[in-house]
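Topology and contacts: notes
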Amino acid sequence: MLHTFLFLILLTIFAVHIQAQASYGVDCSFPIHGKDFRCGDLLGDRHNFYEHFMEGCRKHYGSKANRCDVTENDRIAMSIRQPQSMVNFTDAGFMKIKAPTEVMSLLTQHWETNKANMKEEKWAAGNVYVNHWETPSYLVSVEDQSLRGGGYNLKTKIWDAAKSTIQQWTGMELKPTSMYGIRMYTEGAVLSPHVDRLPLVSSCIINVDQDVDEPWPLEVYDRQGNAVNVTMEPGDMVLYESGSLIHGRPFPLKGRFFANIFIHFEPTGRPLHATTDQHVDELDDFLPPYLVPGSPEIAHWTSQNPGGWKKPSPSAPIQQAAAPEAHFAAATGDFERLQQIVKKDKRMLNTQDANGWRALHEAIRFGDKDIVEFLVKNGAEKNARTGNVGQGSSPLNLALQFHDEKHPVVLYLREIGAEDIAEGEL
Ligand SMILES: *[C@@H]1O[C@H](CO)[C@@H](O)[C@H](O)[C@H]1NC(C)=O
Ligand SMILES: *[C@@H]1O[C@H](CO)[C@@H](O)[C@H](O)[C@H]1NC(C)=O
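What counts and what doesn't
Residues numbered from 1 in each chain as written. Chains lettered and ligands numbered in written order. Predicted model: local features only at pLDDT ≥ 70, side-chain atom pairs only at ≥ 80, totals over all residues. Heavy atoms only, no water. UniProt positions renumbered as here; feature names shortened; annotations may be inferred. Helix = DSSP H or I, 4+ residues; strand = E, 2+ residues; numbered from the N terminus. Buried < 20%, exposed > 50% of the residue type's maximum accessible area, 1.4 Å probe, protein only. Pairing = 2+ DSSP bridges. Axes fitted to C-alpha atoms, helices over the stretch in contact; angles between N-to-C directions. Parallel < 35°, antiparallel > 145°, perpendicular 65-115°, else oblique. Contact = heavy atoms within 4.5 Å. Nonpolar A, V, L, I, M, F, W, Y, C, P; charged D, E, K, R; others polar. Near = heavy atom within 4 Å. Polar contact = N/O pair within 3.5 Å; in protein donor to acceptor, adjacent residues only side chain to side chain. Areas by Shrake-Rupley, 256 points an atom, 1.4 Å probe, with all protein chains shown as cover.

This part takes up the UniProt feature "repeat: ANK" (unreviewed entry) in the chain. This chain's UniProt record puts "repeat: ANK" (unreviewed entry) on residues 355-387. Each end of residues 355-387 is marked by a C-alpha atom, and these two atoms are 5 Å apart; helix forms 52% of the span and strand 0%.

Once that is clear, we can look at the pairing of strand β4 (residues 172-186). Working note: regular strand, side chains alternate between the two faces of the sheet. Counting buried positions along β4 gives eleven out of 15 residues, so the element sits mostly inside the fold. Direction of pairing for strand β3 (residues 138-139) relative to β4: antiparallel, over a ladder of two bridges. Looking across to β4, one finds that Tyr-138 is bridged to Met-184.

What follows concerns the packing of helix α2 (residues 46-61) against helix α3 (residues 66-81). Between α2 and α3, whose axes approach to 7 Å, the crossing angle comes to 135°. Here α2 is positioned oblique relative to α3, judged by the angle of their axes. Within the contact between the two elements, α2 uses Tyr-50, Met-54, Cys-57, Arg-58 and Tyr-61 and α3 uses Cys-68, Asp-69 and Glu-72. Classifying every residue of the contact of α2 with α3 by side-chain character gives five nonpolar, no polar and three charged.

Before going further, it helps to examine the site of ligand 2. Inspection of the region around ligand 2 gives Pro-83, Met-86, Asn-88, Arg-223, Ser-244 and Val-292 as its neighbouring residues. Contact distances for ligand 2 include 2.4 Å between an oxygen atom and a side-chain N or O atom of Asn-88. For ligand 2, an oxygen atom lies 2.8 Å from a polar atom in the side chain of Arg-223. Taken by itself ligand 2 offers 360 Å² of open surface, and the protein chains cover 59% of this. Its residues placed into classes, the shell around ligand 2 shows three nonpolar, two polar and one charged.

Close to ligand 1 lie eight residues, the nearest being Tyr-24, Leu-43, Ala-227, Asn-229 and Phe-251. Residue Tyr-24 places a side-chain N or O atom 2.8 Å away from a nitrogen atom belonging to ligand 1. Asn-229 is positioned with one of its side-chain polar atoms (N or O) 2.3 Å from an oxygen atom of ligand 1. For ligand 1, whose unbound accessible area comes to 360 Å², protein coverage reaches 70%. For the shell around ligand 1, the per-class residue count stands at seven nonpolar, one polar and no charged.

This paragraph deals with the pairing of strand β8 (residues 227-230). Pairing geometry for strand β7 (residues 218-221) and β8, over four bridges, is antiparallel. Across the sheet, the residue bridging to Tyr-221 is Ala-227, located in β8. Between β7 and β8, which pair antiparallel one after the other, the connecting turn spans five residues, and Gly-225 there sits at a positive phi close to 90°.

Structure below.
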């Protein structure tokens, strides 16, 4: 009797779970490969929703209404043509992690200092990427020199601080190509699913701040072609191969605002661990390393880049500091990679990034007790503090900021007698 009861409860939970996670492919939430909706009303009346969306654009642009349709058809053509033409550098095409603390502090400072002076974002006539005719978007641009601290210098600092994470993720040396934001979306905003124009290839989105009633999902399509909702809290970073991964926010934002930034790089063609210049000889004489020769994008790319892609000149191997690799492995819970790193050189465990963070701090924030224990047993200092002069949080203090008292990481650190020392405490 009791068993049957429990079984029924489990079945109900399971059924609800399945319903909430209905799986679907393209052209269900929004037109991606075509305008015929394929999923009936699985997601409500999306057809009607879309008609209203396009009508809004046409009405707003009046005599230039046809531009809405031109941009829209371009978006769809690009979503068909480009993904199949791209070389992918990662298995999944996307990954959510916590943004490196240095990136986050640069962004938070710019946001907090300047958000009172945000400017309404201007869109070209007929742009259908955001329903700006219905809900305005705003910019606190990192390159805006009229804002305090804004300008190329800040942009460079953010690129530098974000680069190693994305290099570790893709396994390729990268160079910056674009940075856009901080963009603030407002209530009702929709971002049409799309892929980014080249050379925006290896990228990340960072949630800087939000005031929402429920998480506003970023919808991406996995390698099987199924939609996945990725939700983000402030401080979260989604790594994504933006030239090949369809991404958008087709469900209207519920809440006051959502502020994020997009940071983009392109691969130079040099694998991160290359020790020779051999890869330079292997690069195509005309195409960039991220395009599949003979693919549908080639004609379009060639028309945009008649001179071809500029091959990097042979240079000394990158001085790949040890820190980023151990940090990235710890920040993403990659136990296997950490074990390999430790095998090679244990000293990496105590190297620090620009904010004084070590692999142990990242592992604590990620929240895997086995990894934390492994690091401590291999010589990571249990009371090592963050901060570039060692005045930041101790590991236990950090654990308590990210997790509760009963979390296995907290329990473990207490068990080994780690001290709870707050930032600034002597
Ligand atoms: C994504 O979120 C939307 C809005 O909450 C929901 O309707 C949809 O079913 C979700 N999709 C997936 C794949 O979970
Ligand atoms: C790269 O990823 C996209 C999106 O997942 C996929 O459509 C494409 O076929 C992949 N490219 C290759 C060369 O496999």
